[in-house]
Amino acid sequence: MFSLTDDQIAIRDMATAFAAETLAPNATRWDEEKHFPVEEMRAAAALGMGGIYVSEDVGGSGLSRLDAALIFEALSLGCPTVAAYISIHNMCAWMVDRYGSDEQRAAFLPRLCSMEHLASYCLTEPGAGSDAAALKTRAVRDGDDYVLDGQKQFISGAGVSDLYVVMVRTGEPGPGGISTLLVEKGTPGLSFGANERKMGWNAQPTRAVIFENCRVPVANRLGPEGIGFKIAMAGLDGGRLNIGACSLGGAQAALDKALAYAQERKAFGSRIADFQALQFKLADMATELEAARSLLWRAAAALDAKAPDATRLCAMAKRVATDTGFAAANEALQIHGGYGYLADYGIEKIVRDLRVHQILEGTNEVMRMIVARGLVGRAKGN
């Protein structure tokens, strides 16, 4: 738990080198131009990062959740936005691997693992965010097809992705009436809203996904009817670890920039790194990031082991890592003073990118609800 194997160090170093060579030099330009770097992501997939914890028989890397956390933190040193999209794609691929039939796995996963095809996760709706079980997108059975009507909101990769993992209502209200369908790009009745104008995450598109009399084969359903909410939540356990790791990577990059700046910047006749107040701030940032990283690794190990408290630990780790990551990046901007507010220094982009991590994959308020329900339920059981 407290030391990495030689293989894990090699995996982390590989992802770090890719981030430094391919992502970091382009991150600011991609943000400004709202460019989605598909070819660069396919290059990452060629190194095994398109299906990190997908089975090897369909082209995945067969690695652990802890391995994935190391990779996403390393990628985020270069660009949290691109790393976060790759994490969402991996979550979708794992859902197909875990819950798909042999035919579905063979049909979809090889091209997902190579990122020849990209995937989007479609749960949130205009009226169903944190209360995801209230979703209204409906799929009505008609022979060998479902007919979909409804809308998904805030979908990363929408309009570009080739496969949409969509949670739909096939039955009664509540979580038991939800199923999961795989909707392929180009399906008649599938359309998209405008690319959203966002505070951050500009290097990946975010659009509404709209279904209007959209016919999807029953053969594209993951698992039986009624387990879609379970599938969605299982995906999010890993997704929360991934986005927490992305926060740590972005924050570590910001801390590294702040430390370098503090050693160069002079005020009142001294380097600002020589001022104890600033030293204490840097020490706190490093300590808090290390603490968050330890909790994230603990949660990843629990998820790998299928421990009964894995969901609770993933919620804890997501909340701590994303709150800590954003706070550290914001402090790094403050250390830079006015220069931190300029795009050229790369700090303000990290702050903008990390802010949304406290909202997506379940808001941090929902993470507290998950933890609290477990505590209160356990207390009642006693």
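Residues numbered from 1 in each chain as written. Predicted model: local features only at pLDDT ≥ 70, side-chain atom pairs only at ≥ 80, totals over all residues. Heavy atoms only, no water.

1. Some thoughts on the overall build of the chain
Consideration 1: The helix and strand tally for the chain stands at 11 helices and 10 strands.
Consideration 2: Against the globule reference of 21 Å for 382 residues, the chain gives a C-alpha radius of gyration of 21 Å, in line with a compact fold.
Consideration 3: In terms of overall dimensions, the chain has C-alpha extents of about 80 × 55 × 40 Å along its principal axes.
Consideration 4: Within the chain, buried positions represent 53% of all 382 residues.
Consideration 5: Within the chain, contacts between residues separated by at least 24 positions form 74% of all contacts whose residues are at least 6 apart in sequence.
Consideration 6: When the accessible surface of the chain is summed, it comes to about 16,200 Å², and 53% of that surface belongs to carbon and sulfur atoms.
Consideration 7: Of the charged side chains in the chain, 39 are positive and 45 negative; the average position of the first set lies 6 Å away from that of the second. (Helix = DSSP H or I, 4+ residues; strand = E, 2+ residues; numbered from the N terminus. Rg over C-alpha atoms; globule rule 2.2 N^0.38 Å. Buried < 20%, exposed > 50% of the residue type's maximum accessible area, 1.4 Å probe, protein only. Contact = heavy atoms within 4.5 Å. Areas by Shrake-Rupley, 256 points an atom, 1.4 Å probe, with all protein chains shown as cover. Lys, Arg positive; Asp, Glu negative; His and termini not counted. Charge placed at Lys NZ, Arg CZ, Asp CG, Glu CD.)

2. Some words on the nonpolar core
Side chains that are nonpolar tend, in soluble globular proteins, to be buried together.
Consideration 1: Counting residues in hydrophobic clusters, the biggest one holds 107 residues, and the most contacted among them are Met-41, Leu-75 and Tyr-121.
Consideration 2: Ranked by residue count, the leading element in this core is helix H7 (residues 228-264), at 17 residues.
Consideration 3: Residues Tyr-146, Ala-158, Leu-181 and Phe-211 belong to the second largest nonpolar core, which totals 17 residues. (Core = buried A, V, L, I, M, F, W, Y, C linked by side-chain atoms within 4.5 Å.)

3. Some thoughts on the environment of Val-38
Consideration 1: Checked against the element boundaries, Val-38 lands in helix H3 (residues 38-49).
Consideration 2: For Val-38, a relative accessible area of 17% puts it in the buried group.
Consideration 3: Once the C-alpha coordinates of Val-38 and Ala-139 are considered, the two residues, 101 residues apart in sequence, prove to be 31 Å apart.
Consideration 4: Look past the residues within four positions of Val-38 in its chain and what remains in contact with it is Leu-118 and Val-160.

4. Let's talk about the side chain of Gln-358
Consideration 1: Within the secondary structure layout, Gln-358 lies in the loop between helix H10 (347-355) and helix H11 (364-381).
Consideration 2: Residue classification places Gln-358 among the buried residues on the basis of a relative accessible area of 13%.
Consideration 3: Within the structure, the side chain of Gln-358 is placed 2.8 Å from the side chain of Asp-323, a separation counted as a polar contact.
Consideration 4: Residues within four places of Gln-358 in sequence aside, it is in contact with Lys-318, Thr-322, Asp-323, Phe-326, Thr-363 and Asn-364. (Polar contact = N/O pair within 3.5 Å; in protein donor to acceptor, adjacent residues only side chain to side chain.)

5. Focus on the pattern of salt bridges
Consideration 1: For the coordinates displayed, the defined rule picks out 19 salt bridges.
Consideration 2: Taken together, the salt bridges that share partners define one network made up of Asp-31, Glu-348 and Arg-352. (Salt bridge = Lys/Arg side-chain N within 4 Å of Asp/Glu carboxyl O.)

6. Topic: the side chain of Gln-104
Consideration 1: By secondary structure assignment, the location of Gln-104 is in helix H6 (residues 102-113).
Consideration 2: Residue Gln-104 is classed as buried on the basis of its relative accessible area, which comes to 5%.
Consideration 3: Polar contacts involving the side chain of Gln-104 include one to the main-chain carbonyl oxygen of Arg-221, which spans 2.8 Å.
Consideration 4: Excluding residues that lie within four positions of it along the chain, Gln-104 makes contacts with Val-96, Leu-109, Ala-219, Asn-220, Arg-221 and Leu-222.

7. Focus: the pairing of strand S3 (residues 145-156)
Consideration 1: Relative to S3, strand S2 (residues 138-142) is paired through 5 bridges, and the arrangement is antiparallel. When the sheet's bridge partners are listed, Ala-139 is paired in S3 with Leu-148.
Consideration 2: The hairpin turn running from S2 into S3, its antiparallel successor, is 2 residues long, and Gly-143 in that turn takes a positive phi close to 65°. (Pairing = 2+ DSSP bridges.)

8. A short note on the packing of aromatic side chains
Consideration 1: Considering all chains together, one arrives at 6 aromatic pairs under this definition.
Consideration 2: An angle of 90° between the planes, with centres 6.1 Å apart, marks the rings of Trp-94 and Tyr-99 as edge-to-face.
Consideration 3: The exposure class assigned to Tyr-99 is buried, which follows from its relative accessible area of 14%.
Consideration 4: Note on Tyr-261 and Tyr-339: the rings are 6.4 Å apart at their centroids and 55° apart in plane angle, and the pair reads as tilted. (Phe/Tyr/Trp six-rings, centres within 6.5 Å; stacked < 30°, edge-to-face > 60°.)

9. Concerning the environment of Ile-359
Consideration 1: Summarising the element assignment, Ile-359 is placed in the loop between H10 and H11.
Consideration 2: For Ile-359, a relative accessible area of 46% translates into the label partly exposed.
Consideration 3: Distance in space between the C-alpha atoms of Ile-359 and Arg-319 is 9.7 Å, their sequence separation being 40 residues.

Everything listed here is a matter of coordinates, which is why it stays silent on function.
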